[in-house]
Amino acid sequence: MTTKPVPTARQLAYQDWEFGLFIHFGLRTFYEGYVDFDSRPMDPAAFHPVDLDCDQWIRTAKEAGMQYAVLTAKHHDGFSNWPTSYSSFTVAASPWRGGKGDVIREFVDACRKYDVKPGLYYSPYDGSADFYTQDAQAYDDYFVNQITELLTNYGDIDILWFDGCGSENHTYDWPRIIGEIRRLQPNILIFNMGDPDFRWVGNEDGIAPVPCWNAVSSTSVSILTEDKEELPDTLWLPAECDVQMRASWFYSDSDEPTMKSLDELMGLYYYSVGRGTNLLLNIGPDREGKLPAKDTERLLEFGAEVRRRFGNPLATIAQCSKDGQTWVYEPTEAHLLDHIVIQEDLTGGECIHRFKISVVTAKSHRVVSLYEGQNIGHKAIIRLPAVKASRVIVEILECDGEPSLRELAFFYTGG
């Protein structure tokens, strides 16, 4: 008999974070037009963010309602944003802070100051290491040594974000690497590779599919291939949607016109958080070391709109009655609503496979079915054309075991 996958306490905590800031910053920031796996050489001397302000990054994230942040410690080019002892391709070889600077230190300190969970992106592929393809054992040593620095010198790190891009045909000693990571920081959450705790949604558009189940038997590991990595068993791996504010991951002088509108960002929120996944939104700090002013303004506008729509429910599950597998909300007077937010209690795994929302109309007092959905998972945001209802009925149509809702909330946003 197959045991149903259930989340760990850390996975449940991660799913509650919902919204995070992705920060692509490094030597590439100072090379306009540089792309992934670019053959052009880069010189660490070009790295000089004269006014690096990690405090501004994280303060902005916090004000926008983000609960975690992930910074590129090392991208595919191999440049280390900390003074690693295992490479000369690092901030220590730059003029910034007189060669004594450490972006990771300033980032983590800012996260602690604003109570934002720190995460570090680390590309297993490293274009600066000529032994990457020549000596797998030596590269595994390098991999472990760098990860050990990151996980011993900066206190608790909440996320280690492994990007599979570039690693498609390379074999890593994952048992060794993961063993060291878990030994150094048992509570860390690993993204998508090795021994993952959460997974990539499979695209860089910020859109989760329907349905998007939390338990999966395979993962997508790279944007460069549609091949999936088969897992040894069906595992609880909640999905994360990563997407850029602009067309580029790293800062560019030329892509400001591609900045997403508030309308598009809200759409992505419904397609990610509204489908039970986390949303990791990227902004590339500029060459001074700050989030660009227009990106900052748009991010704060986005956070404010999310709060406007979902910060003050008209009613919650506390105002509902339950009869078997049906929850009923009956207000004192009929009123307009246009959103219903449902959260399943996932402590025992995902049980609900199909549900229906009906209303009793305000005038005729007839039951009308408005919506049918599949999984609820961590959160399902149901957006409806405004309807005046004297009663709302949420009925579980298909489930594996006894369904349990963590929250049920009703909103009228008027827009």
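Source: prediction; values computed, not measured.

A. Representation of the environment of Val50 within the structure. Turning to its location among the elements, Val50 is positioned in the loop between β1 (19-23) and α2 (54-63). The spatial distance from the C-alpha of Val50 to the C-alpha of Pro95 is 9.9 Å, given a sequence separation of 45 residues. Excluding its chain neighbours within four sequence positions, the residues that come into contact with Val50 are Arg287 and Glu288.

B. The sheet that holds strand β3 (residues 117-122), seen in detail. The strand order β5-β4-β3-β2-β1-β10-β9-β6 describes an open sheet built from eight strands, whose pairing is parallel. Of all the strands in the sheet, the pair left with one neighbour each is β5 (189-191) and β6 (199-200). Pairing geometry for strand β9 (residues 239-244) and strand β10 (residues 278-282), over five bridges, is parallel. Along β10, the bridge assignment pairs Gln244 with Asn282. Here helix α1 (residues 9-17) sits on the sheet in contact with β1, β2 (68-74), β3, β4 (159-162), β5, β9 and β10, set at roughly 65° to β5.

C. Region of interest: the nonpolar core. Among the nonpolar cores identified, the biggest contains 82 residues, and Trp57, Ile58, Phe107, Phe162, Ile181, Leu299 and Phe302 are the most heavily contacted of them. Beyond its immediate stretch of four places on either side in the chain, Phe162 contacts Tyr122, Pro124, Phe143, Ile147, Trp174, Ile181, Ile190, Phe191, Asn192 and Met193. If you look at the next biggest cluster of nonpolar residues, it comprises 23 residues, including Ala315, Ile352, Phe355 and Ile382.

D. Focus on a nonpolar patch on the surface. Residues Phe37, Ile223 and Leu224 make up a contiguous nonpolar surface patch of roughly 280 Å² in combined accessible area. Summarising the element assignment, Leu224 is placed in the loop between β7 (215-220) and β8 (228-236).

E. Highlighting unusual backbone geometry. Residue Val210 is joined to Pro211 through a cis peptide bond whose omega torsion reads -5°. Tracing the sequence through the fold places Pro211 in the loop between β6 and β7. The backbone of Asp115 sits at a positive phi, close to 55°, despite the residue not being glycine. Of note, Asp115 is situated in the loop between α3 (103-114) and β3. With a relative accessible area of 53%, Asp115 lands in the exposed category. For His365, which is not glycine, the phi torsion reads 60° and is therefore positive. Looking at the secondary structure, you find His365 in the loop between β14 (352-361) and β15 (367-373).

F. Local environment of the state of the cysteines. Taken as a whole and assessed by the stated rule, the structure comprises zero disulfides. Summary of cysteine pairing: Cys212 is not part of a disulfide, and the nearest cysteine sulfur, belonging to Cys241, is at 6.8 Å. The exposure class assigned to Cys212 is buried, which follows from its relative accessible area of 8%. No disulfide involves Cys399; its sulfur sits 7.1 Å from the nearest other cysteine sulfur, which is in Cys351. Take Cys399: its relative accessible area is 24%, and that puts it in the partly exposed class.

G. Structural context of the pattern of salt bridges. Inspection of every chain in the model, using the stated rule, returns 28 salt bridges. Between Asp197 and Arg182 there is a salt bridge; the shortest N-O distance is 3.0 Å. Note that Asp197 is positioned in the loop between β5 and β6 and Arg182 in helix α5 (residues 174-184), a separation of 15 residues in sequence. Looking at Asp197, the relative accessible area reads 13%, which means it is buried. Residue class for Arg182 comes out partly exposed when judged on its relative accessible area of 21%.

H. Broad picture of the side chain of Gln15. If you trace the backbone, Gln15 turns up in helix α1. Non-local contacts of Gln15, meaning those with residues more than four positions away in its chain, are made with Asn214, Trp236, Pro238, Gly276, Asn278, Leu346 and His378.

I. Quick peek at the packing of α2 against helix α7 (residues 293-310). Following both chains from N to C, one finds α2 and α7 inclined at 25°, their axes separated by 8 Å at the closest point. Between α2 and α7, the interaxial angle falls into the category roughly parallel. Residues Gln56, Thr60 and Glu63 of α2 lie in contact with α7, whose contacting residues are Thr296, Leu299, Leu300 and Arg307. A class-by-class count of the residues in the contact of α2 with α7 yields two nonpolar, three polar and two charged.

J. Representation of the environment of Gly166. Relative to the helices and strands, Gly166 is located in the loop between β4 and α5. Its relative accessible area of 19% is what places Gly166 among the buried residues. Sequence separation between Gly166 and Asp36 is 130 residues; the distance between their C-alpha atoms is 9.2 Å. If we ignore the near neighbours within four places in the chain, the residues touching Gly166 are Phe37, Tyr125, Tyr132 and Leu224.

Calculation criteria
- Residues numbered from 1 in each chain as written.
- Predicted model: local features only at pLDDT ≥ 70, side-chain atom pairs only at ≥ 80, totals over all residues.
- Heavy atoms only, no water.
- Helix = DSSP H or I, 4+ residues; strand = E, 2+ residues; numbered from the N terminus.
- Contact = heavy atoms within 4.5 Å.
- Pairing = 2+ DSSP bridges.
- Axes fitted to C-alpha atoms, helices over the stretch in contact; angles between N-to-C directions.
- Core = buried A, V, L, I, M, F, W, Y, C linked by side-chain atoms within 4.5 Å.
- Buried < 20%, exposed > 50% of the residue type's maximum accessible area, 1.4 Å probe, protein only.
- Patch = residues over 30% accessible without salt bridge, like charges linked within 9 Å, V, L, I, M, F, W, Y side chains within 5 Å.
- Areas by Shrake-Rupley, 256 points an atom, 1.4 Å probe, with all protein chains shown as cover.
- Salt bridge = Lys/Arg side-chain N within 4 Å of Asp/Glu carboxyl O.
- Disulfide = S-S within 2.5 Å.
- Parallel < 35°, antiparallel > 145°, perpendicular 65-115°, else oblique.
- Nonpolar A, V, L, I, M, F, W, Y, C, P; charged D, E, K, R; others polar.

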